[in-house]
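Each chain, letter by letter, is given below.
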Amino acid sequence: MERYDQLYRLYEEFDAERLAAHQAFVDLFPPLDSRVALTYWEDASDELEELRGEIRDAFPGTGETYADVAAHATRDQAFAGLDLATKYDRSVNALVLDVDETLRSAGTTDNEIPRETLHLLTEFHEDGIPIVVCTGQTLENVKGFLSQGLGNAVVNSGDVSVVYESGTGVFTPGHGPDTKRLLYEGLDETVRGVFDRLRQRVLSEAPETVARGCHLQGNEFNVTLKPNFETGSDDAVAVIDDALVYLLDLLGVVVAECVEGIQAGERGDDEDVLGAAAGEWTRAFYAARDPEIEAVLDDRGELPAEGAETEGADGTGESGVPDAVAAFLDRVDVAYYEGDAAEVVSRELDKPGGVEAAFEVLGVDDPFALVLGDSKSDLRVMEWVAERDAGIAAAPEHASTVVLEHVRERDDLVFPAGDAGDVLRTVYALDRLVAAE
């Protein structure tokens with residue numbers, strides 16, 4: 001109980017709010033080329049040192065730790081950090097961070113990572129904690145905003161890694177031949193061939209509404225259609241629903257062409273029959289596995305009849321999908337994000353695999369990571385660290401229901417939209433309190 005008593009005393013006897021305000025001013029608003037601004041900054045810096053000195057004097061041996069905690073964490077954040085320190089008795093030694101709707105939010109931060117969050121990340125970096133950005137975005141996009149937000153010195157320090165396209169590749173500057181690892185190169189030729197054909201045909205064969213209303217994201221491997229409208233708008237929702245149906249049908253055709261034993265010749269070389277049947281297979285297969293996809297197909301009257309079988313298909317399972325096709329589709333995932341994207345990815349490449357590869361390059365041998373995310377792909381990373389007792393998870397309050405259920409069941413680290421700094425400050429307190437112990 002001693003640490004709880006000490007923390008209680010810290011926030012009862014000292015003006016922690018004033019201390020934190022001065023710390024934020026000194027950190028986020030450095031002196032400008034103005035005598036007046038410089039005077040304000042110097043006065044705040046001097047008063048900050050006085051406030052920290054009072055705490056150092058009052059807590060012999062641990063005063064610096066408690067001054068750091070009070071300067072960075074609110075009372076609630078500090079006690080939450082202490083609860084985590086008591087539960088796990090470990091400090092966080094890696095950050096695994098999703099970007100969109102986690103570090104930044106279209107609705108609350110104008111799709112920019114807040115300065116406060118960026119500064120906290122640089123503080124973790126200065127403490128020697130590796131940062132793994134884990135996202136579905138392209139590498140070029142991530143490199144751009146990371147360099148702009150954190151600076152080239154941090155990004156190229158050797159302690160920052162990017163898991164991009166949800167695990168198809170890992171980019172870790174400063175590690176020689178291991179700087180870029182293309183994980184998709186480990187897939188077999190059939191899988192790579194399907195993705196190559198999809199990418200080549202996805203726009204050229206698209207119906208006019210999809211071809212005019214979508215663009216192909218510049219991925220290295222995944223095939224992702226994005227709307228040419230504001231994300232989440234009615235137009236974006238409509239065109240992504242169209243794109244999902246089209247992408248399912250095209251995937252079926254390409255798989256049927258590539259998978260041995262399901263060639264058009266077995267049906268009298270009738271490509272129209274093959275195309276219709278293949279679309280039925282993929283719609284039935286993914287509707288059975290994803291309620292959101294099922295709902296879109298049902299809403300548009302494109303949902304295959306339950307249990308319907310395709311005439312002439314040998315080795316057809318109960319759902320009407322040929323066994324050879326179903327076996328292949330088990331290795332491929334179709335993801336749907338309302339008003340944002342429809343994409344095809346490999347099930348054999350995922351964020352946990354990318355994070356594991358990033359840890360290997362970074363030399364994180366015994367991870368205890370903070371995982372921040374909002375989607376089902378982030379949930380896989382959260383579950384991966386939970387199964388290994390290798391970290392804790394946090395999510396924004398608008399995250400997917402299954403993500404929130406996992407996070408609340410574990411440690412209840414749920415933060416307001418666009419305010420990842422809230423949980424970062426909690427973890428800052430956790431690390432300082434564990435180190436002091």
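As a starting point, this report considers the structure included with it. Residue positions are counted from 1 within each chain, in the order its sequence is given. Only residues with pLDDT of 70 or above have their local features reported here, since the model is predicted, and side-chain atom pairs are shown and tallied only from 80 upward, although totals for entire chains, interfaces and linings are computed over all residues. No hydrogens and no water enter the side-chain calculation; it runs on all heavy atoms of the structure.

Let us now look at the pairing of strand S3 (residues 160–164). Residue burial is assigned from relative accessible area. The probe radius is 1.4 Å, only protein chains are included, and a residue is buried under 20% of its type maximum, exposed over 50%, and partly exposed in between. Elements are defined by DSSP. Helices are runs of H or I of four residues or more, strands are runs of E of two residues or more, and each kind is numbered from the N terminus. Across the 5 residues that make up S3, a large majority, 5, are buried. Going residue by residue along S3, you find Val160, Val162 and Tyr164 tucked away on one face and Ser161 and Val163 tucked away on the opposite face as well. When DSSP finds two or more bridges between a pair of strands, those strands are recorded as paired. Direction of pairing for strand S2 (residues 131–134) relative to S3: parallel, over a ladder of 4 bridges. Across the sheet, Cys134 pairs through a bridge with Val163, a residue of S3. Connecting S3 to the antiparallel partner strand S4 (residues 169–171) that follows it, the hairpin turn spans 4 residues, and Glu165 within it adopts a positive phi of roughly 50 degrees.

Time to look at the nonpolar core. Put simply, buried Ala, Val, Leu, Ile, Met, Phe, Trp, Tyr and Cys residues joined by side-chain atoms within 4.5 Å make one nonpolar core. Residues Leu251 and Tyr286 are the most contacted members of the largest nonpolar core, which totals 49 residues. Broken down by element, the residue count for this core peaks at 14 residues, all from helix H11 (residues 234–258). Tyr286 has contacts with Leu248, Leu251, Ile293, Leu329, Val332, Asp333, Val334 and Arg347, leaving out every residue within four places of it along the chain. Counting 41 residues, the second largest nonpolar core, distinct from the first, contains Leu97, Val142, Val155 and Ile392. In this description, contact between two residues means that some pair of their heavy atoms is separated by no more than 4.5 Å.

Between helix H16 (residues 376–387) and helix H17 (residues 401–410), the least distance of the axes is 9 Å, while the angle of their chain directions is 25 degrees. Here H16 lies roughly parallel to H17, going by the angle between them. Crossing geometry of H16 relative to H17 is assigned as left-handed. Side by side, H16 and H17 meet where Lys376, Leu379, Met382, Glu383 and Ala386 of the first sit next to Val402, Val403, His406, Val407 and Arg410 of the second. Helix axes are fitted to C-alpha atoms over the stretch in contact, other axes to C-alpha atoms as well, and angles between N-to-C directions run from 0 to 180 degrees. Throughout this description, any angle smaller than 35 degrees is read as roughly parallel, any larger than 145 degrees as roughly antiparallel, any in the 65 to 115 degree range as roughly perpendicular, and the remainder as oblique. Each helix crossing is assigned a hand: it is left-handed if the near helix lies turned anticlockwise from the far helix by less than a right angle, otherwise right-handed if that turn is clockwise.

In this section: the sheet that holds strand S9 (residues 341–346). Hydrogen bonds along the backbone pair up the strands of a sheet, which may run parallel or antiparallel. Spatially, the 4 strands line up as an open sheet ordered S6-S7-S9-S8, and their pairing is antiparallel. In the strand order of this sheet, the two ends are held by strand S6 (214–216) and strand S8 (332–337), each with one partner. Averaged over neighbouring strand pairs, the angle between their axes works out to 20 degrees when direction is ignored. Both strand S7 (residues 223–227) and S9 contribute to a ladder of 3 bridges, which runs antiparallel. Bridge pairing links Val223 to Val344 in S9.

Take the packing of aromatic side chains next. To describe a pair of aromatic rings, you give the distance between the ring centres and the angle between the ring planes. Ring pairs are drawn from Phe, Tyr and Trp, using the six-membered ring of Trp, whenever the two centres fall within 6.5 Å, and their geometry is named by plane angle: stacked under 30 degrees, edge-to-face over 60, tilted for the rest. Overall, the coordinates contain 10 aromatic pairs when judged by the stated rule. Here the aromatic rings of Phe14 and Phe59 are separated by 6.1 Å at their centres, their planes lie at 45 degrees, and the arrangement is tilted. Note that Phe14 is positioned in the loop between helix H1 (2–13) and helix H2 (16–28) and Phe59 in the loop between helix H3 (35–58) and helix H4 (63–72), a separation of 45 residues in sequence. Aromatic pair Tyr184 and Phe221: ring centres 5.1 Å apart, planes at 15 degrees, arrangement stacked. With a gap of 37 residues between them, Tyr184 in the loop between strand S5 (180–182) and helix H9 (189–201) and Phe221 in the loop between S6 and S7 connect regions that are remote in the sequence. Considered together, Tyr184 and Phe221 belong to a single accessibility category, that of buried residues. Within the aromatic cluster, the residues linked to one another by ring pairs are Phe14, Phe59 and Tyr66. A ring has a charge above it when a Lys NZ or an Arg CZ is no more than 6 Å from the ring centre and no more than 35 degrees off the ring normal. Sitting over the face of the ring of Phe59, Arg9 holds its NZ or CZ atom 4.6 Å from the ring centroid.

Here we come to the side chain of Asp378. Looking at the secondary structure, you find Asp378 in helix H16. A relative accessible area of 3% places Asp378 in the buried class. Those residues within four positions of Asp378 in sequence are excluded, and the remaining contacts are Asp98, Cys134, Lys351 and Gly373.

Moving on, we come to the pairing of S2. Alternating residues of S2 divide into Ile131 and Val133 and Val132 and Cys134, and every residue in both groups is buried. Bridging between strand S1 (residues 94–97) and S2 involves 3 bridges; their strand directions are parallel. Along S2, the bridge assignment pairs Val96 with Val132.

So, about helix H5 (residues 75–88). A helix is expected to reach a length of 1.5 Å times the quantity of its residues less one. For H5, spanning 14 residues, the distance from its first C-alpha to its last is 20 Å, which sits close to the expected 20 Å at 1.5 Å a residue. Here the buried face of H5 lies against H1, H4, strand S11 (391–396), H17 and helix H18 (420–436). Among the residues trailing H5, Asp89 stands out with phi positive, at a value near 55 degrees.

All quantities given are derived from atomic positions and should not be read as evidence of function.
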